[in-house]
Amino acid sequence: MNQTILIVGAGPTGLLMGCHLLRQGVDVRVIEKRATSISHSKALTINCASLKLLHDLGVSDSIQQTAQRVDDIYVHWQGRDFLHIDFRHVDEHFNYLAMQPQPVTEQAILKQFEALGGEVDREVELVDIIENNSDYVSVRLHHVKDQTEEICSFSYLVGCDGGKSRVRDELGFSFTGLNYDMYFILADLSVDWDGPRDKVHYFVEEDCFLILIPLTGDKHRIVIKVDGEYQEEGDTPPLELFQQYAARIGPAGMKLHDPIWISSAPFYNRITSDNVSGRCFLAGDASHLFSPIGGLGMNTGLQDAANLAWKLGLVMKGRMNPAVLESYRDERLFMAGQLLAHTDRSTQLISRLNPDVEALEPLWPKMSNRRFFRYGMAQQTGGTSQFYHLSDFVRDDRNQAIGQNIQPGQMAPFVKEITYGQKSVDSQEFYGRGALSILLFADTGDTKMLAELMDALPDISREYLRIFVITEKPVVSDVIVEAVDLIVDAGQKIKRAYDARDGDMFMIRPDLYIGYAGNMNFLNSIKIYFQRYFAPLQHSVETTERLVSENVE
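A short tour of the structure in this document, coming up. (Residues numbered from 1 in each chain as written. Predicted model: local features only at pLDDT ≥ 70, side-chain atom pairs only at ≥ 80, totals over all residues. Heavy atoms only, no water.)

## Let's talk about the overall build of the protein chain
Within the protein chain one finds 13 helices and 28 strands. By residue count, 58% of the 553 residues in the protein chain fall in the buried class. Carbon together with sulfur atoms contributes 47% to the accessible area of the protein chain, which is approximately 22800 Å² in total. (Helix = DSSP H or I, 4+ residues; strand = E, 2+ residues; numbered from the N terminus. Buried < 20%, exposed > 50% of the residue type's maximum accessible area, 1.4 Å probe, protein only. Areas by Shrake-Rupley, 256 points an atom, 1.4 Å probe, with all protein chains shown as cover.)

Dropping the structure here:
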């Protein structure tokens, strides 16, 4: 069998999937029916959660150089200042949105993909899936250039081929959702007005809305809702139509000029009936399409890729039980459904398809919801409050979790200025990088506790599993044994961030979510969890305890 994963589609989702797998040492083949990368796209927003993922992959520096930083979103409702979302309240290193056209983001990920040794096989398209069994996936590919066909087999197939996905059709999945009797026109152009130029503004009236999004230079993206049935993709509205809407619902004196791109598109929400079939998976727009309200589309695809890639990588390396791949359906299809419902509510309200004034009542800022508006809405819009429900795979075995603030399924907390060796770093520097991270809150003098934990964990090299002991005691060296690092938490910042107790341990997944929590008082539960999903152990408690003791001394 070909020990390669086939990725169909070289947009941001497919390329990010390829990057993660290549970093884990897994061979991939990425095919794309387009001859070149897209030059324009409707996707724009990179939210806080996606910036965190892209930083982990080494792409965030490039994006920060090309994107427009946005710290604030303002909603103006019928001429009144209605809502302010301030991303400075997101407790993350990337506590802002990055705005740039999707092709620019795609190029940044493509550059990293190529740096990792990847190559996009262009003008190649999937014709059909011939076989999808328990051992392999066999497909027929069409080469556009020479009009030839190729039949080949792969370990797994991931369809990242967009809203009109051929992979989804071949798997027989439906793609249903919501249509709206409206469409939107959008353009990238220059805007003259007296307001702040580095904020996102929603101007909402009873029958229409206009969204103004800053880009780099003097350009903005403008999005306007238009009633009626969408006629044809590719229809180019005249600039005069944008100016008419801006004069009617935008701020006084707004002038639009020098467009570099104009387009239109329908409003819809769509979700696949399933995203897993045998050895085939769907990710990104092939699995879900969102209304533009909230900027969830590309970001949800990037989260799909991060969620699936690390699992596929460890399975391909023989480090993980293949049964764990079923968790991709449980986690990402459920998440897409939740986000679709949220986007539909927002779209219904802001477009006034739902004219019920009472539906707006929870959105009016008041003392009772002040904390949500100050913190929760920014986290929600930034993508950092998304979570996976507890399951056999996302599990809490602490037997004391009720009332604790941090639970498995949440994104790992961000902690600033951590003493790590001789350096001060943020927590993002020791999570991810394609590896599982284990955090143990313990006194380093308790060598038996650490030895027992190491014996309960899979015997995976430091490339795939890193163990961090969080301690208040300063030490001479940050290395106890080959696979263990010490982090001095003198001010208990990390312990408070995790709401941890002595003996608590957390597993941070490579997609930067907490996957498991346990406590050393319930060691057998920890052993059962890791034996169920990960590789067998090959060292003894006695050997590990001896090594720990020698290195501490």
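So, next bit.
## Re the packing of helix α1 (residues 12-23) against helix α2 (residues 48-57)
Viewed as axis vectors pointing N to C, α1 and α2 meet at an angle of 40°, and their least axial separation amounts to 11 Å. By the angle between their axes, α1 is oblique relative to α2. Taken as a pair, α1 and α2 cross one another with a handedness that is left-handed. Side by side, α1 and α2 meet where Leu16, Cys19, His20 and Arg23 of the first sit next to Leu54, Asp56 and Leu57 of the second. When the residues that make up the contact of α1 with α2 are grouped by side-chain class, the tally is 4 nonpolar, 1 polar and 2 charged. (Axes fitted to C-alpha atoms, helices over the stretch in contact; angles between N-to-C directions. Parallel < 35°, antiparallel > 145°, perpendicular 65-115°, else oblique. Left-handed = near helix turned anticlockwise from the far one by under 90°. Contact = heavy atoms within 4.5 Å. Nonpolar A, V, L, I, M, F, W, Y, C, P; charged D, E, K, R; others polar.)

## Points about the pairing of strand β26 (residues 484-488)
Most of β26 is tucked away: 5 of the 5 residues are buried. Going residue by residue along β26, you find Val484, Leu486 and Val488 tucked away on one face and Asp485 and Ile487 tucked away on the opposite face as well. Examined bridge by bridge, strand β25 (residues 465-471) and β26 share 5 bridges and lie parallel to one another. Within the sheet, the bridge partner assigned to isoleucine 470 lies in β26 and is isoleucine 487. (Pairing = 2+ DSSP bridges.)

## Let's talk about the sheet that holds strand β10 (residues 137-143)
The sheet built from 3 strands is open, its strands ordered β9-β10-β11 with antiparallel pairing. What marks the edges here is a single partner per strand, and that holds for β9 (124-132) and β11 (148-154). With strand direction ignored, the average angle separating the axes of adjacent strands in the sheet is 25°.

## A look at the nonpolar core
Grouped together as the largest cluster of nonpolar side chains are 75 residues, with contacts concentrated most on Ile5 and Phe530. Considering each element in turn, this core owes the most residues, 10 residues, to helix α7 (residues 297-316). Dropping the residues within four chain positions of it, isoleucine 5 is found in contact with Leu21, Val26, Asp27, Val28, Arg29, Phe154, Tyr156, Val158, Leu312 and Met316. Core analysis: the second largest hydrophobic core is formed by 32 residues, Val70, Val200, Phe267 and Ile293 among them. (Core = buried A, V, L, I, M, F, W, Y, C linked by side-chain atoms within 4.5 Å.)

## Describing the packing of aromatic side chains
Taken as a whole and judged by the stated rule, the model has 19 aromatic pairs. With a centroid separation of 4.1 Å and an interplanar angle of 20°, the aromatic rings of tyrosine 516 and tyrosine 529 are classed as stacked. Of this pair, tyrosine 516 sits in strand β28 (residues 514-519) while tyrosine 529 sits in helix α12 (residues 523-533), placing them 13 residues apart in sequence. Tyrosine 529 shares its class with tyrosine 516; the two are buried. Between tyrosine 529 and phenylalanine 530, the aromatic rings sit 5.2 Å apart at their centres with planes inclined by 85°, giving edge-to-face as the arrangement. Exposure remark for tyrosine 529: the relative accessible area of 1% places this residue in the buried category. (Phe/Tyr/Trp six-rings, centres within 6.5 Å; stacked < 30°, edge-to-face > 60°.)

## Remarks on the side chain of glutamine 68
Relative to the elements of secondary structure, glutamine 68 occurs in strand β4 (residues 68-70). Accessibility expressed as a relative area gives 18% for glutamine 68, which makes it buried. In contact with glutamine 68, other than residues within four places in its own chain, are Leu97, Ala98, Met99, Asp198, Pro214, Leu215 and Thr216.

## Considering the sheet that holds strand β24 (residues 436-441)
What the 8 strands build is an open sheet, ordered β21-β28-β27-β24-β25-β26-β22-β23; its pairing is mixed. In this open sheet, the two strands that pair with only one neighbour each are β21 (395-396) and β23 (423-425). Here strand β22 (residues 418-420) pairs with β23 via 3 bridges, running antiparallel. From the neighbouring strand, tyrosine 420 faces β23, where its bridge partner is lysine 423. Along the sheet, α12 contacts β21, β24, β27 (504-508) and β28; its crossing angle with β28, the most-contacted strand, is approximately 150°.

## Let's talk about α7
Every α-helix carries 3.6 residues per turn, so stepping three or four residues along brings you back to the same face. The end-to-end C-alpha distance of α7 is 29 Å, a good match for the 28 Å that 20 residues give at a rise of 1.5 Å each. Burial of α7 is extensive: 19 of the 20 residues sit out of reach of the surface. Positioned one or two residues after α7, glycine 318 has a phi angle of 75°, which is positive. (Expected span 1.5 Å × (residues − 1).)

## Overview of the packing of α1 against α7
When two helices pack together, their arrangement is given by the angle between the helix axes and the distance between those axes. Where α1 contacts α7, the axes come no closer than 8 Å and their chain directions differ by 25°. Viewed along their axes, α1 and α7 adopt a mutual orientation that is roughly parallel. The hand of the α1/α7 crossing is right-handed. Each of Pro12, Thr13, Leu16, Met17, His20 and Leu21 in α1 lies in contact with α7, whose residues at this interface are Met298, Gly301, Leu302, Ala305, Ala306, Leu308, Ala309, Leu312 and Gly313.

## A word on the environment of serine 346
Note on placement: serine 346 falls in helix α8 (residues 327-350). Through-space distance from the C-alpha of serine 346 to that of glycine 294 is 8.0 Å; in sequence the pair is 52 residues apart.

## Notes on the pairing of strand β17 (residues 255-272)
By the bridge criterion, 14 bridges tie strand β13 (residues 175-192) to β17 in an arrangement that is antiparallel. In the strand pairing of β17, isoleucine 185 is matched with serine 264.

## A few points about unusual backbone geometry
One non-glycine residue, glutamate 123, lies in positive phi territory at about 55°. For glutamate 123, the position within the fold is in the loop between β8 (120-122) and β9. Unlike most non-glycine residues, aspartate 258 shows phi in positive territory, near 50°. For aspartate 258, the location among the structural elements is in strand β17. With a relative accessible area of 47%, aspartate 258 lands in the partly exposed category.

## Side note on the side chain of aspartate 504
Relative to the helices and strands, aspartate 504 resides in strand β27. Comment: no salt bridge for buried aspartate 504; closest opposite-charge side chain is arginine 398, at 4.2 Å. (Lys, Arg positive; Asp, Glu negative; His and termini not counted. Salt bridge = Lys/Arg side-chain N within 4 Å of Asp/Glu carboxyl O.)

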